[in-house]
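Below, each chain spelled out in residue letters.
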Amino acid sequence: MTGKPDICDVLEAIHKSLHPLAEFTDALSSEKYASVSFVKSVLHLFNSSILKVEDDDVDLRRAMKTWITSTTSVLDYLNEKYSDPLTQELLDTASAVDPRFKLRFVTEDSVAEVMDGPPDPQVETTETAEEAPCAKKKTIGSFLKVLRTRPDRTYQRNKV
């Protein structure tokens, strides 16, 4: 043995790393109305399962999950991209008003701000495009179903 990984081991590590991302990408692209409210839930899904480095990951799989550049992991890049406080406020509000997510992905510190402060009024424009029918195996909801077991946080406004 030369110490080099077997080609089958390499292909298996690649498949195990990329297959969940491919399934997720197919599910997200098949959504008719993907919106900004998906961002918080998708980041949570990536952090908690799809891109989370597991103890039993082989070196190649671990490297694939954490590499984007020599200094930044995929998760670090995504988390940094959406870390701006104004962006977080928008994402929290969008997630809170979406009945699929409610306050599930809003941090404890932000719940009061989201519930008390109305978002800045903005004109919402949506473009609808006809999509060709295509058969997809999963929907975005099937990926987030696991996350639905997390208890909803409810917030009651103090009545004056």
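Residues numbered from 1 in each chain as written. Predicted model: local features only at pLDDT ≥ 70, side-chain atom pairs only at ≥ 80, totals over all residues. Heavy atoms only, no water.

**Remarks on the pattern of salt bridges**
Side chains that differ in sign of charge can pair as their charged atoms come close. Counted according to the given criterion, the structure contains three salt bridges. Among the salt bridges present, the one from Lys16 reaches Glu12, with a minimum N-O distance of 3.1 Å. With Lys16 and Glu12 both in helix H1 (residues 7-30) and four residues apart, this pair spans about one turn of that helix. A residue is classified by how much of its surface remains accessible, and Lys16, at 40% relative accessible area, is partly exposed. Judged by its relative accessible area of 41%, Glu12 falls in the partly exposed class. (Salt bridge = Lys/Arg side-chain N within 4 Å of Asp/Glu carboxyl O. Helix = DSSP H or I, 4+ residues; strand = E, 2+ residues; numbered from the N terminus. Buried < 20%, exposed > 50% of the residue type's maximum accessible area, 1.4 Å probe, protein only.)

**Side note on helix H2 (residues 38-50)**
Relative to the 18 Å expected for 13 residues at 1.5 Å per residue, H2 spans just 15 Å between its end C-alpha atoms, considerably shorter than the ideal helical length. Inspection of H2 places Phe38, Val39, Lys40, Ser41, Val42, Leu43, Leu45, Phe46 and Ile50 among the buried residues, and these make up the whole buried set. Packing partners of the buried residues in H2 comprise H1, helix H3 (59-66), helix H4 (74-81), helix H5 (85-97) and helix H7 (140-144). (Expected span 1.5 Å × (residues − 1). Contact = heavy atoms within 4.5 Å.)

**Focus: the environment of Ala63**
Among the secondary structure elements, Ala63 is positioned in helix H3. Each C-alpha atom of the pair Ala63 and Ser17 lies 9.7 Å from the other, and the pair is 46 residues apart in sequence.

**Some words on the nonpolar core**
For soluble globular proteins, nonpolar side chains are generally found buried alongside one another. Core analysis: the largest hydrophobic core is formed by 19 residues, its most contacted members being Phe24, Phe46 and Ile50. The element that contributes the greatest number of residues to this core is H2, accounting for seven residues. Beyond its immediate chain neighbours, meaning those up to four positions away, Ile50 contacts Pro20, Leu21, Phe24, Leu45, Lys65 and Phe143. (Core = buried A, V, L, I, M, F, W, Y, C linked by side-chain atoms within 4.5 Å.)

**Side note on the packing of H2 against H4**
It is the contact of H2 with H4, at a shortest axis distance of 11 Å, that shows an interaxial angle of 155°. Taken together, the axes of H2 and H4 lie roughly antiparallel to each other. Between H2 and H4 the crossing geometry is left-handed. Within the contact between the two elements, H2 uses Leu43, Phe46 and Asn47 and H4 uses Leu75, Leu78 and Asn79. Class assignment of the residues belonging to the contact of H2 with H4 gives a composition of four nonpolar, two polar and no charged. (Axes fitted to C-alpha atoms, helices over the stretch in contact; angles between N-to-C directions. Parallel < 35°, antiparallel > 145°, perpendicular 65-115°, else oblique. Left-handed = near helix turned anticlockwise from the far one by under 90°. Nonpolar A, V, L, I, M, F, W, Y, C, P; charged D, E, K, R; others polar.)

**So, a nonpolar patch on the surface**
Taken together, the side chains of Ile7, Leu11, Ile14, Leu18, Val58 and Leu60 present a nonpolar region at the surface, about 510 Å² in accessible area. Structurally, the position occupied by Leu18 is in helix H1. For Leu18, a relative accessible area of 43% gives the class partly exposed. (Patch = residues over 30% accessible without salt bridge, like charges linked within 9 Å, V, L, I, M, F, W, Y side chains within 5 Å. Areas by Shrake-Rupley, 256 points an atom, 1.4 Å probe, with all protein chains shown as cover.)

**Side note on unusual backbone geometry**
In this structure, Lys102 takes a positive phi of about 50° despite not being glycine. For Lys102, a relative accessible area of 42% corresponds to the partly exposed category.

**A few points about the confidence of the model for the protein**
Considering every residue of the protein, the mean pLDDT works out to 74; 71% of them sit at 70 or more. Taking the mean pLDDT of every element in the protein, the minimum, 71, falls on H7 and the maximum, 89, on H5. (pLDDT = per-residue confidence, 0-100.)

**A word on the environment of Phe101**
Topologically, Phe101 is positioned in the loop between H5 and helix H6 (111-116). Each C-alpha atom of the pair Phe101 and Ser37 lies 8.0 Å from the other, and the pair is 64 residues apart in sequence. Excluding residues within four positions of it along the chain, Phe101 makes contact with Ser37, Phe38, Ser41, Ser95 and Leu144.

**Looking at the environment of Glu23**
The residue Glu23 is located in helix H1 in this model. Along the primary structure Glu23 and Ile140 are separated by 117 residues, whereas in three dimensions their C-alpha atoms are 9.4 Å apart. For Glu23, the residues in contact, after removing those within four places along its chain, are Lys138 and Phe143.

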